[in-house]
Amino acid sequence: MTKQVQELDHVIIRFAGDSGDGMQLTGDRFTQETAVFGNDLSTLPNFPAEIRAPAGTLPGVSSFQLHFADHDILTPGDAPDVLVAMNPAALKANLKDLPRGADLIVNTDEFTKRNLSKVGYDKNPLEDGSLEAYSLHPVPLTSLTVKALEDLDLTRKDAERAKNMFALGLLSWLYGRPSEGTLNFLEQKFGKKPEIYKANVTAFQAGWNYGETTEDFSVRYEVKPAPIAPGRYRNITGNTALSYGLIAAGQLAKLPLFLGSYPITPASDVLHELAKHKKFGVRTFQAEDEISAVGSALGASFGGSLAITTTSGPGMALKAETVGLAVSVELPLIVVDVQRAGPSTGMPTKTEQADLLMAIYGRNGESPVPVVAAASPSDCFYAAIEAARIAVTYRTPVILLSDGYLANGSEPWQIPEISSLPDLSTQFAFTTAPNPADNGDGFQPFRRDPVTLARPWAVPGTPGLEHRIGGIEKADGIGSISYDPDNHDLMVRTRQAKIDGIAASIPPLQVEDPDGDAKVLVLGWGSTYGSIGAAVRRVRRTGQSVAQAHLRHLNPFPSNLGEVLHRYDKVLVPEINLGQLALLLRGKFLVDVISFNRVRGLPFRAAELAEAIEEVISHE
Amino acid sequence: MTKQVQELDHVIIRFAGDSGDGMQLTGDRFTQETAVFGNDLSTLPNFPAEIRAPAGTLPGVSSFQLHFADHDILTPGDAPDVLVAMNPAALKANLKDLPRGADLIVNTDEFTKRNLSKVGYDKNPLEDGSLEAYSLHPVPLTSLTVKALEDLDLTRKDAERAKNMFALGLLSWLYGRPSEGTLNFLEQKFGKKPEIYKANVTAFQAGWNYGETTEDFSVRYEVKPAPIAPGRYRNITGNTALSYGLIAAGQLAKLPLFLGSYPITPASDVLHELAKHKKFGVRTFQAEDEISAVGSALGASFGGSLAITTTSGPGMALKAETVGLAVSVELPLIVVDVQRAGPSTGMPTKTEQADLLMAIYGRNGESPVPVVAAASPSDCFYAAIEAARIAVTYRTPVILLSDGYLANGSEPWQIPEISSLPDLSTQFAFTTAPNPADNGDGFQPFRRDPVTLARPWAVPGTPGLEHRIGGIEKADGIGSISYDPDNHDLMVRTRQAKIDGIAASIPPLQVEDPDGDAKVLVLGWGSTYGSIGAAVRRVRRTGQSVAQAHLRHLNPFPSNLGEVLHRYDKVLVPEINLGQLALLLRGKFLVDVISFNRVRGLPFRAAELAEAIEEVISHE
Amino acid sequence: MSEATEAPRLRSLTLVPHKAGLSAKDFKSDQEVRWCPGCGDYAILAAFQSFLPELEVPRENVVVISGIGCSSRLPYYVDSYGFHSIHGRAPAIATGLAASRPDLSVWVITGDGDALSIGGNHLIHSLRRNVNIKILLFNNRIYGLTKGQYSPTSEQGKVTKSTPYGSLDHPFNPVSLALGAEASFVARSVDSDRKHLQSVLRAAADHPGSAFIEIFQNCPIFNDDAFAPVKQPKAPGLIRLAHGEQVRFGPDGSMGLTYGPYGALTAVEAASVPESELVVHDATREDPSYAFALSRLDSGDFAHTPIGVFRSADRTPYDQAMAAQLEAAQAGGKGDLASLIAGNDTWEVS
Amino acid sequence: MSEATEAPRLRSLTLVPHKAGLSAKDFKSDQEVRWCPGCGDYAILAAFQSFLPELEVPRENVVVISGIGCSSRLPYYVDSYGFHSIHGRAPAIATGLAASRPDLSVWVITGDGDALSIGGNHLIHSLRRNVNIKILLFNNRIYGLTKGQYSPTSEQGKVTKSTPYGSLDHPFNPVSLALGAEASFVARSVDSDRKHLQSVLRAAADHPGSAFIEIFQNCPIFNDDAFAPVKQPKAPGLIRLAHGEQVRFGPDGSMGLTYGPYGALTAVEAASVPESELVVHDATREDPSYAFALSRLDSGDFAHTPIGVFRSADRTPYDQAMAAQLEAAQAGGKGDLASLIAGNDTWEVS
Ligand SMILES: Cc1ncc(C[n+]2csc(CCOP(=O)(O)OP(=O)(O)O)c2C)c(N)n1
Ligand SMILES: Cc1ncc(C[n+]2csc(CCOP(=O)(O)OP(=O)(O)O)c2C)c(N)n1
Ligand code: SF4
Ligand code: SF4
Ligand SMILES: [Mg+2]
Ligand SMILES: [Mg+2]
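Residues numbered from 1 in each chain as written. Chains lettered and ligands numbered in written order. Predicted model: local features only at pLDDT ≥ 70, side-chain atom pairs only at ≥ 80, totals over all residues. Heavy atoms only, no water.

Student: How should I be thinking about the sheet that holds strand β6 (residues 211–216) of chain D in this particular structure?
Tutor: For sheets, the rule is that strands pair by backbone hydrogen bonds, running either parallel or antiparallel. An order of β17(A)-β2(D)-β1(D)-β3(D)-β4(D)-β6(D)-β5(D)-β11(D)-β7(D) is seen for the 9 strands of this open sheet, with the pairing classed as mixed. Each end of this open sheet is capped by a strand with a single partner; those strands are β17 (468–470) of chain A together with β7 (238–240) of chain D. Averaged over neighbouring strand pairs, the angle between their axes works out to 20 degrees when direction is ignored. The pairing of strand β5 (residues 185–190) of chain D with strand β11 (residues 305–312) of chain D spans 4 bridges and is antiparallel. Within β11(D), the residue paired with D:Val186 across the bridge is D:Arg311. Contacts from helix α11 (residues 290–302) of chain A reach β17 of chain A together with β1 (62–66) and β2 (81–84) of chain D within the one sheet, and its direction differs from that of β2(D) by about 155 degrees. Contacts from helix α1 (residues 40–51) of chain D reach β1, β3 (105–111), β4 (133–139) and β6 of chain D, with the element oriented near 160 degrees to β4(D). (Pairing = 2+ DSSP bridges. Helix = DSSP H or I, 4+ residues; strand = E, 2+ residues; numbered from the N terminus. Axes fitted to C-alpha atoms, helices over the stretch in contact; angles between N-to-C directions. Contact = heavy atoms within 4.5 Å.)

Following this line, the structure appears as structure tokens:
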């Protein structure tokens, strides 16, 4: 029978199941198909901190949300239109986010007494009518899969494992996704295990056919490709983009890359990714702790590498003393903080923006450090290159802020031409400047470039530039130990002036205000770019004007920021913290900015944000 | 012959010599005598970071400045009236601070060709007339001392060592200081070495007699006792006062004291002092590093001790992660940061106020910690007790800020009655509140006191209160692990509310404005109290009005601070940093405060500060 | 006195209150245990919980402190006082608690990354100080919680997420490291052998001062069968150490140990050498050289892997020494606050 | 090849440029040396500076990295590249430098507090990794720079500023600790014996990988004569180890070493035992048990204190292994940035 096709402009799907059910993989594949199909999309993986909580329990639930549309979108979406629940726990954990009327596909096989009681269902929700509000599609996913694979010689366990491919097949049919990508993927992944490979392919097709044939699914949905700028695209997560950005920076600066790191969620994948690329001469060192990680990086920087250390909040705190040393000896260093929910261990797999003030002020003494933040998964690539530019140009540690949402979230990325990337190797004269090798009065490690105030980066192995550096205060110019009171005051101010001076190399803050008459500005930083943009659009759709601007540089600020802030009657600053950027804006510009804060370990919901914006506008 | 006596209202003396010359001891003794005599006084020791730089070199110079007067004074003074220079290096290093006309007493024996050239004098300044501007008293201190001791059987080295006592005797005579104290002191110190004891006493008397007899000193000075509030007094340094304050807090809270510390200048003396007082049941643990120091303290706090960790800037940075854990588990902990000049190693023996923002923001996540600062050496005693009050009442880590100037500086202190100190033991219900042992629903480690929001402090060994704590986010009340988004938001806000709520227990900020019509307020914090007070006085002496207020609590601020700030046309905020308190005031109260910053590793000069104040007033 | 009717108290608990008659379930908390199916941590937890009653210590006087890692979640599952602290710092936190509370039985739960990587410094210092804490190191030779990076005990060349080309680091031998750090008690056991594990826990609890126990723990997810060679029914290389007994192992105990040149212990056919030359295990020797030599038998390939108590030599525990100093100082009476702050150089102003 | 006309290159420097003909004063910086009169650091500095030319390495390829402490000021006085870092972190910083720059000769200068207290973890990890750095630990058994607190090598019961009632901590034996941490080269020398010290430095420079050298250093100000017993002209307890030679010491070498029970080394009248039973020193043994036993001879009272090279066993240095991985990976050509960022799952939009 042919099915009716309904066109939609966007869909939000959430796959939810047990950690063992392979929901992340299912989501990734559906994402790839969707990207290839040409929709714009945004994803939000969500998994427990435990490696594997007991099967079938609420803490064990893992989910993957995908938002795709025929227009460009900015967030993984607030509430799913479709929920795929592989077991009762997945249903219970996610139902509260499901709007009435939404499609609900459940794996009935898992709704056993035992599993139900595990999560405190005394009655079976599939039967007690409690799900009436939704369009329920009960599917015996497990048994259908096992049945489809009965001809293959597989253990029942292996057969059951393929049920996520059945689900993927079904959903792929439901939304008319292409399937070549997935078939190729399965070939690459299981090529060496033909039975498993066959099992997955068969399950996928069985799912597809199930949709095709069963009565239950009377409509099929179509979401047209989005009008996206022409070019070559790929889907990319923030951690991958960040890793590639660092490798690119090394190439662009013509410097060997060195990463000193200690594993920590959600930053570990950057270490994993960089460790793969020895072909690019990347040295990765898994240190014994974060202090050694940043220390080794500083040592490598002293030796002339583009040195990096990557971590998350708790590790960031541990690096503070060594970053302070880097400030004092003025060597390039990239310190990546993939923020997670705190304080302390907090919620390792959840996102947050609460390390901003630590990044700026979390060291003893006057210890200024530039801070750069990424705005979206693919933007992590460019943010990393910008961090490297500042580090090598100004001979300073730079803190690059990402977060758990960017790290694991993904989006389509138009792959840039290498030629379009900045040539960092011309950004600085390596080793000797501003000391012409021939200048009479010998080499002075703290003589500064008049423009950037950068000191020479004189690496061991360079004859004639032998010198000693250290964390004790140094005499201006010659750099030998000095306890002279006025010299200290001068050096403290010079180090600050050098960082403040970076503003001269930063593009002015762009404000997006299509109507041109907005009285309210929404100013954000970091990973909230997408949700703020989506919220701003909603507000504009209601005919109201609102301006949006987003900060890449948190220290120093772009030089026109003060002027921008004063241009608007009201400035709303949404942050996933208690108002850290707001404090800086108020303190530096004496502007009474309004904070919007939700510290829930999740990205903002566009809806709640739009409400907040309208609230502010209405009080105009 | 009888000498003419001239009366003075105040005198500033600086003893300067080689690290080996015992200038600190000489200064201490003169200070004691002066205190006993009844003058008000303030001191500023100043010694090199090196243990002992080579004898006779500039880096090796150690000095001790003492300001005493017949009225109450607040600073060690800007420029000395008298400089005692034990060698050419001491002369060269200190001459620039000496106002024309000042008395200059030099030990001529040390002005040999060799010593002169060591510090780059090609001519002998005692002879080339370069010192004409001063009233020069050349005294062959060494040879006179050796001569005075020739009857004792001593090595020449030992004899020479006594020359500082000769100098002390001379100065004691010159300013009519009592000498019993010193004689007793020498007896205690050298009682067991009779020859050395005799040597020192004899040298002291020889110095005294030298003044009495020689023509060179025609006048003798008299500085009348200051009208000081009646009571029992002692002289005390900041580190000693801080140590006593901690011991007192333990007694007042009826809790055993535990100190986990790792030595670091200028904080080590607190460890040294507390280690002496096992009679008070004080446990001191010299840890392997700062992380272990604060960790052990947190462990002791978990066990019911009043736990402390002491350090300075670099060590403070290392403690950040563990302090964050203390914030998360909400246990009492006192973290003492005796600030020194940074960044990084900086200038370990020099003072600074640049750790304020690190104290408030230097941890990952939203991690609020109360911050308290001491204003003068003796005030360290009360600041420590206040820190303890907040810690035990609110079950939170508290950061107590002192600095190098307070740590080693000293002043007379009216010894308080124990009965006048707060009873901390009533400040909190130990272990079970707010959980009545008998309440039905079991013990909830994160159920809060409705007023303070403090959670119960349930120590191991208490039956029925067994519970688990950790750095992962906790469910409100029951305290088990929770990744619930709304719970996290609630807990983040509750922890913040608890700290903000401390303001309710803080006295309102007092403003001192004798004329009552001041338009300019000078607001400070920490060790600048003295210099600001002195500067304010100078300004008032010129007939101008200016108000002064000083913050003991940096987080949270006293509840009336905003109101106070808005009461004045202009607010000047002097800080020995680049404007850290200023940023907080601007950010929280949107007041355009004016910063005055000198980051020289030294206290402000009252003169420069007075100038700055007048500058601000003049622009009124 | 051998005629003692009731068993003497475990020696590290002399200052801890006594309470008999507790059972394993008294130490089970209401928290649901969250490890992967088949994780060795389950077995260790069970062994630990059913051993705790043997301490004859009231529940409230037992404290379990951990760092961060899969293993470090254990305190949540034991119904006593527990502290799930931060990565690597458990020994430091436990030191402060144990030094200030000699009336507690303090246990540290840690992993190979937690204890030997980030926490290495605290570990070696707590061992040399002989603080009265019992350290259980769950060694799965991998970082579990962070999903499978190599650890300081992973074999060289190990391919993991962070070392796709194989790791370069030469691993620590935890027993050798502890012995080099002056540990007074060092032992090793295996997650799957509850009887043996509990015998080691008992010995640790009986030892005054710090005890270090390495426990081979299987991580089926990221490093499955890492210890397979010593887990086979009759693992030929597994050497069970028993104090005072001849070291015998291999096919029905046919193998023994003798001293080769330069004090290297060598495995031999017991029958092939005179009885007198076979090593009789002595864990109490003051000189750790013998225990160290034993630890070197384990060359990483599990050809010869001793388990049991390598060393158990008495030394005054840190907390007792600290308490003694306080008592001595207070013998002449406690301090008087008023006279302390007054000092002996005061003056009156009237 | 013994007929080699010119001396072969020191083995840890194979990848470092060669330059002969330098002199001690080439390595003297213009900075004025600032230690207390009589400080042992002067002698060590002099020995080090006059040894450096032997490396036959251009000045610019020598790097000296230190932590914080009196000893750690040494880099300022050596005219090469120097880094006076922060307390305890020198081994970590040096690891990053050495791992990324095999063409440098990297020396770490540290103290007993810097290396064994706050820096303990970095020390043991750099040793197990066998990073190509040479670590000189100036052991004065005290914290000098902070004016005299006890250190991890101070004898138990030591009265210092921070322990007026005597310290409670059992000290580390640095040599034992290093051996327990898998160190491939471990030696000990004395500040006052330049010839011996330089021979040890030479051996360290010849060893591929990390070298750990404990140097007894006198602090006349805060711990004077801490090593007096081994500094007397003919110190009876001083045992000079020389590879391949019988261990002899005491009054005109009358004493030797034999193996007692349980592999414990024992001092004996050489004449009283058969020649064959006297220990001949072998630093190259793969099993560190013998070196460890040697380290335990030093019970703290200096009754028997071996100096010289305890252990020197070859193992691939970390930097070389890392470089090899890169070379192997790049054998098939360097990476192409464009194809890297594109990956293999792209699509065109037109
Ligand atoms: C300061 C800090 N750094 C890193 C981490 C991330 N982290 C948590 S556990 C762990 C290692 C776990 O390995 P192990 O100690 O062997 O325990 P296991 O999970 O294997 O039981 C790491 C690196 C952290 N939580 N905190
Ligand atoms: C993070 C930090 N903690 C503490 C200090 C203070 N400090 C400097 S050197 C030192 C110990 C010095 O002892 P050692 O390493 O033995 O060197 P020595 O002075 O004896 O040569 C300490 C505690 C510091 N500079 N930084
Ligand atoms: S990851 Fe390994 S160690 Fe962690 S819980 Fe799972 S099986 Fe156990
Ligand atoms: S304090 Fe001791 S170690 Fe430091 S310089 Fe002086 S003598 Fe040398
Ligand atoms: Mg592990
Ligand atoms: Mg030392």
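Student: It is not clear to me how the site of ligand 3 should be interpreted in this structure. Could you clarify?
Tutor: Not every one of the 11 residues close to ligand 3 is listed here, only the nearest: C:Cys36, C:Cys39, C:Cys70, C:Cys219 and C:Pro220. Of the residues that constitute the shell around ligand 3, the class distribution is 9 nonpolar, 2 polar and no charged. (Near = heavy atom within 4 Å. Nonpolar A, V, L, I, M, F, W, Y, C, P; charged D, E, K, R; others polar.)

Student: I tried to follow the site of ligand 1 on my own but got confused; where do I start?
Tutor: Around ligand 1, the structure places 22 residues, and the nearest of them are A:Glu290, C:Cys70, C:Ser71, C:Asp112 and C:Asp114. Positioned at a junction of chains, ligand 1 has nearby residues supplied by chains A, B and C. Between ligand 1 and C:Cys70, the relevant distance is 2.8 Å, taken from an oxygen atom to a main-chain nitrogen or oxygen of the residue. Between ligand 1 and C:Asp112, the relevant distance is 2.6 Å, taken from an oxygen atom to a side-chain nitrogen or oxygen of the residue. (Polar contact = N/O pair within 3.5 Å; in protein donor to acceptor, adjacent residues only side chain to side chain.)

Student: Honestly, the coordination of the magnesium ion (ligand 6) in this entry has me stumped. Any pointers?
Tutor: Ideal coordination angles are 109.5 degrees for a metal with four donors arranged tetrahedrally and 90 or 180 degrees for a metal with six donors arranged octahedrally. All names here are of chain D. Protein coordination of the magnesium ion (ligand 6) is provided by Asp112 (OD), Asn140 (OD1) and Ile142 (O), with donor distances spanning 2.0 to 2.2 Å. Linear spacing of the donor residues for the magnesium ion (ligand 6) on their chain is D-x27-N-x1-I. Of the two residues, Asp112 sits in helix α3 (residues 112–118) while Ile142 sits in the loop between β4 and α5 (174–180), which places them 30 residues apart along the sequence. Each member of the pair, Asp112 as well as Ile142, is classed as buried. (Donors = N, O, S within 2.8 Å, 3.2 Å for Na, K, Ca; no water. Buried < 20%, exposed > 50% of the residue type's maximum accessible area, 1.4 Å probe, protein only.)

Student: Just checking my understanding: could you explain the packing of aromatic side chains for this structure?
Tutor: Within a pair of aromatic rings, the relevant descriptors are the distance that separates the centres and the angle that separates the planes. Using the criterion set out here, one finds 51 aromatic pairs over all chains in the structure. Ring geometry for A:Trp173 and A:Phe217: centres 6.5 Å apart, planes at 75 degrees, overall edge-to-face. Note that A:Trp173 is positioned in helix α6 (residues 163–174) and A:Phe217 in the loop between α8 (194–213) and β8 (219–223), a separation of 44 residues in sequence. For the pair A:Trp173 and A:Phe217, a shared accessibility class is recorded, and that class is buried. Plain terms: the ring middles of D:Phe227 and D:Phe302 are 5.9 Å apart, the flat faces sit at 80 degrees to each other, and that makes the pair edge-to-face. One end of the pair, D:Phe227, is in the loop between β6 and α7 (228–231); the other, D:Phe302, is in the loop between α8 (289–296) and β11, with 75 residues separating them in the sequence. Owing to a relative accessible area of 2%, D:Phe227 belongs among the buried residues under this scheme. Here the aromatic cluster, defined as three or more aromatic residues joined through ring pairs, consists of A:Phe15, A:Phe30, A:Phe68, A:Tyr175 and A:Tyr221. Looking at A:Lys92, its charged tip hangs above the ring of A:Tyr121, at a distance of 4.9 Å from the centre. Its guanidinium or amino end placed over the ring of D:Phe172, C:Arg128 lies 5.0 Å from that ring's centre, counting from NZ or CZ. (Phe/Tyr/Trp six-rings, centres within 6.5 Å; stacked < 30°, edge-to-face > 60°. Lys NZ or Arg CZ within 6 Å of the ring centre and 35° of its normal.)

Student: Is there a simple way to think about the interface of chain D and chain A in this case?
Tutor: Where interface size is quoted, it is often the accessible area lost as the parts come together. The partner chain A presents 68 residues to the 58 residues of chain D that form the contact. Three residues stand out in chain D for area buried against chain A, namely D:Tyr81, D:Ile341 and D:Trp347, and they jointly supply 17% of the buried area on that side. Run the count over chain D and chain A and you get 4 salt bridges. Ionic pairing is found between A:Glu466 and D:Arg59, a salt bridge with its closest N-O pair at 3.5 Å. Here chain D is connected to chain A by 26 residue pairs in polar contact (both at pLDDT 80 or more). Breaking the side of chain D that touches chain A down by element, the ones donating at least two residues are β2, α2 (90–100), α4 (120–129), α9 (318–331), α10 (337–342) and β12 (346–349) of chain D. Residue composition of the side of chain D that touches chain A, grouped by class: 25 nonpolar, 22 polar and 11 charged. Relative to β12(D), strand β9 (residues 231–237) of chain A is paired through 4 bridges, and the arrangement is antiparallel. (Buried area = accessible area lost by both parts, 1.4 Å probe. Salt bridge = Lys/Arg side-chain N within 4 Å of Asp/Glu carboxyl O.)

Student: Explain the interface of chain B and chain A here, please?
Tutor: The partner chain A presents 63 residues to the 63 residues of chain B that form the contact. When residues of chain B are sorted by the area they lose upon contact with chain A, B:Pro343, B:Asn364 and B:Tyr483 head the list and together hold 14% of the total. Put simply, A:Arg600 and B:Asp486 hold a salt bridge, and the shortest N to O gap is 2.8 Å. On inspection of chain B and its partner chain A, the count reaches 24 residue pairs in polar contact (both at pLDDT 80 or more). For the side of chain B that touches chain A, the elements supplying multiple residues, two or more each, are α12 (313–329), α13 (356–361), α16 (485–501) and α19 (580–589) of chain B. Sort the elements by how many residues they give to the side of chain B that touches chain A and α12(B) lands first, with 9 residues. When grouped by side-chain class, the residues that make up the side of chain B that touches chain A number 25 nonpolar, 21 polar and 17 charged.

Student: How should the coordination of the magnesium ion (ligand 5) be read in this particular structure?
Tutor: All names here are of chain C. Those protein atoms acting as donors to the magnesium ion (ligand 5) are Asp112 (OD), Asn140 (OD1) and Ile142 (O), and they sit at 2.0 to 2.2 Å. Each donor residue of the magnesium ion (ligand 5) belongs to the same chain, with the gaps between them written as D-x27-N-x1-I. Linking Asp112 in helix α3 (residues 112–118) with Asn140 in the loop between β4 (133–139) and α5 (174–180), this pair joins segments that are 28 residues apart in sequence. By relative accessible area, which is 7% here, Asn140 ends up buried.

Student: How should I be thinking about the packing of α2(D) against α4(D) in this particular structure?
Tutor: Packed helices, taken two at a time, are described by their axes: the angle between them and the distance between them. All names here are of chain D. Their axes nearest at 8 Å, the elements α2 and α4 cross at an angle of 35 degrees. Residues Pro91, Ala92 and Thr95 of α2 lie in contact with α4, whose contacting residues are His122, Leu123 and Ser126. A per-class count over the contact of α2 with α4 returns 3 nonpolar, 3 polar and no charged.

Geometry only, nothing functional implied.
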